[in-house]
Amino acid sequence: MIGVVDYRAGNAPSVMFALARLGLDARLVAGAAELDAVDRIILPGVGAARATIDSLVETGMVDALRRRALVDGAPFLGICIGLQVLFERSEEGPAECLGWLPGEVRRFPDSVRVPQIGWNLVRATRDHALTTGLPAEPYCYFVNSYHAVPADPTAVLATTDYAGAFCSMVAHGNVAATQFHAEKSGEVGLRILRNFAAWDGA
Amino acid sequence: MLTKRLIACFDVIGGRVTKAVRFQDNIDVAPAEDLARSLYEDQIDEIVFYDITASAERRKIDLDTVRRVAEHVFVPFTVGGGIRDVDDMYEVLKAGAEKISVDSMAVRDPDIIRHGAEAFGRQCIVLSTQVQHVGIRDGIPSGYEVFIDGARTATGLDAIDWVRRGEELGAGEIVVNSIDRDGTGDGYELDITRAVADSVNVPVIASGGAGTVEHIADGLTAGGAQAAIISSMLYSPRLDRNPSVRELKGALIARGVPMRPWVD
């Protein structure tokens, strides 16, 4: 059972529709206690880092997510803001984030249109269960004004070009995330979600 | 690199797609969910749907149709029409849309843009503008005026002033829809599209008038737009033939316009 973390600013409905299309068991998780009933977790997200963190704090999810993902080792997938909040801090707000991964989140420069909106090439930097079976040139749908700058380069799983290369996927142990919207990236994104559902977190 | 986007646009009445010319003479096309599903399979980049009578009838948007489309479409999906406040926006997002398009309501109450962007992020709020060429005059230095209520009501707002204001208030994308070209198949109004693209730093979407691949390519190059809205071409029963998305994108790529490649 996949738990999709639901909070007011999220895109949880789209993620649920995508998981339903794949025939995967999933439920929305709105409270900390419900997290114990699922064996893997998706943290979706649209909107602002600060609003996301505030929602997670108010619902008591910060400690629950940490316990399930970092102590119990449940496979975890962040999407968009769900990737950005994994780092220590974001320029957006600015906001203190979860700090599961070292690094910070920065805004794209004004030399490009911000937000970045559209389909862009995701280049995997290493083999991983999440990117198995993708086309040679996978394009995914991005909507972001900010991007993560991981302090540990080994956490990077893929990069994408917009005002230079930025980190578009991370994977560190059982914690992974996509900056693009996997649930809205057509068949490529659905494949990544299917890969996540089968991933043992290693 | 970031590719250009081809966006299919539907006007919906009672759950069914309808097609007008210059905002009049609507004819029935298909149920919204059926058309959305077939365009998704044809790998359209994005879908926009306007509940075109919601605002005039002062009723809430048709959430059932939003949900039925969202269930079958795994590309971004924008919804507009009849959205009055942040609570309405939240209902539409909960039904499965990613973005909210605001138009007439944003002219009447510009703060709706700011409130929406604060609640859901700038990327969620698309400012759609209906513009008409009226000539340069007092208060309209660009020569293009913004209209609302399905192009029926002049606002006295200059198109360029309005899109700049919209960007400041928090709009994450701007749609430039030419009233003069809407549904004509004569090509986008490139001058105003380019002028808007040069005036804001958020993505700009060309709309109104695309009838050929050349028109789309022009909108995405000379027009300076990051995305092109097409509708009649894809599904209007008034045309002898409706090209597929795959065919259109192939022709755009052949003309050097970067597009998301077909996935087998």
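So, here is what we can say about the structure in this document. This structure is a prediction, so every number in the text was calculated from the model and none was measured. (Residues numbered from 1 in each chain as written. Chains lettered and ligands numbered in written order. Predicted model: local features only at pLDDT ≥ 70, side-chain atom pairs only at ≥ 80, totals over all residues. Heavy atoms only, no water.)

**Things to note about empty space enclosed by the protein**
Piece 1. By the definition in use, this model includes three cavities of 30 Å³ or more.
Piece 2. Estimates place the volume of the largest cavity at around 80 Å³.
Piece 3. Val46, Tyr141, Val143, His181 and Lys184 of chain A together with Pro76, Glu98, Lys99, Gln123 and Cys124 of chain B together form the lining of the largest cavity.
Piece 4. Split into classes, the residues belonging to the lining of the largest cavity amount to five nonpolar, two polar and three charged. (1 Å grid on protein atoms, 1.4 Å probe; cavity = no way out; pocket = protein on both sides within 12 Å on 5 of 7 lines; lining within 4 Å. Points joined across faces, edges and corners; volume = space filled by probe spheres on them. Nonpolar A, V, L, I, M, F, W, Y, C, P; charged D, E, K, R; others polar.)

**Side note on the sheet that holds strand β12 (residues 156-161) of chain A**
All names here are of chain A.
Piece 1. The strand order β2-β1-β3-β4-β14-β13-β12-β9 describes an open sheet built from eight strands, whose pairing is mixed. Strand pairing shows two members of the sheet lacking a second neighbour, β2 (26-29) and β9 (123-124), which therefore form its edges.
Piece 2. Pairing geometry for strand β4 (residues 76-79) and strand β14 (residues 175-178), over four bridges, is parallel. For Phe76, the partnering residue across the bridge sits in β14 and is Val175.
Piece 3. Of the strands in this sheet, β1 (2-5), β2, β3 (40-43) and β4 touch helix α1 (residues 12-21), which is tilted by about 160° from β1. (Pairing = 2+ DSSP bridges. Helix = DSSP H or I, 4+ residues; strand = E, 2+ residues; numbered from the N terminus. Contact = heavy atoms within 4.5 Å. Axes fitted to C-alpha atoms, helices over the stretch in contact; angles between N-to-C directions.)

**Points about the environment of Glu91 of chain B**
Piece 1. Within the fold, Glu91 of chain B resides in helix α3 (residues 86-94).
Piece 2. With relative accessibility at 31%, the residue Glu91 of chain B sits in the partly exposed group. (Buried < 20%, exposed > 50% of the residue type's maximum accessible area, 1.4 Å probe, protein only.)

**Section: the interface of chain A and chain B**
Piece 1. Between chain A and chain B, the residue contacts involve 33 residues of the former and 43 residues of the latter.
Piece 2. Note on chain A versus chain B: buried area summed over both sides is about 3100 Å², and carbon and sulfur give 59% of it.
Piece 3. Where chain A meets chain B, there are one salt bridge.
Piece 4. A salt bridge links Glu98 of chain B to Lys184 of chain A; the nearest nitrogen and oxygen atoms lie 3.5 Å apart.
Piece 5. At the junction of chain A with chain B, the criterion picks out 20 residue pairs in polar contact (both at pLDDT 80 or more).
Piece 6. Looking at the side of chain A that touches chain B, the elements with two or more residues in it are α1, β8 (116-121), β10 (139-144) and α5 (186-198) of chain A.
Piece 7. Ranked by residue count, the leading element in the side of chain A that touches chain B is β8 of chain A, at six residues.
Piece 8. Considered class by class, the residues forming the side of chain A that touches chain B number 18 nonpolar, seven polar and eight charged. (Buried area = accessible area lost by both parts, 1.4 Å probe. Salt bridge = Lys/Arg side-chain N within 4 Å of Asp/Glu carboxyl O. Polar contact = N/O pair within 3.5 Å; in protein donor to acceptor, adjacent residues only side chain to side chain.)

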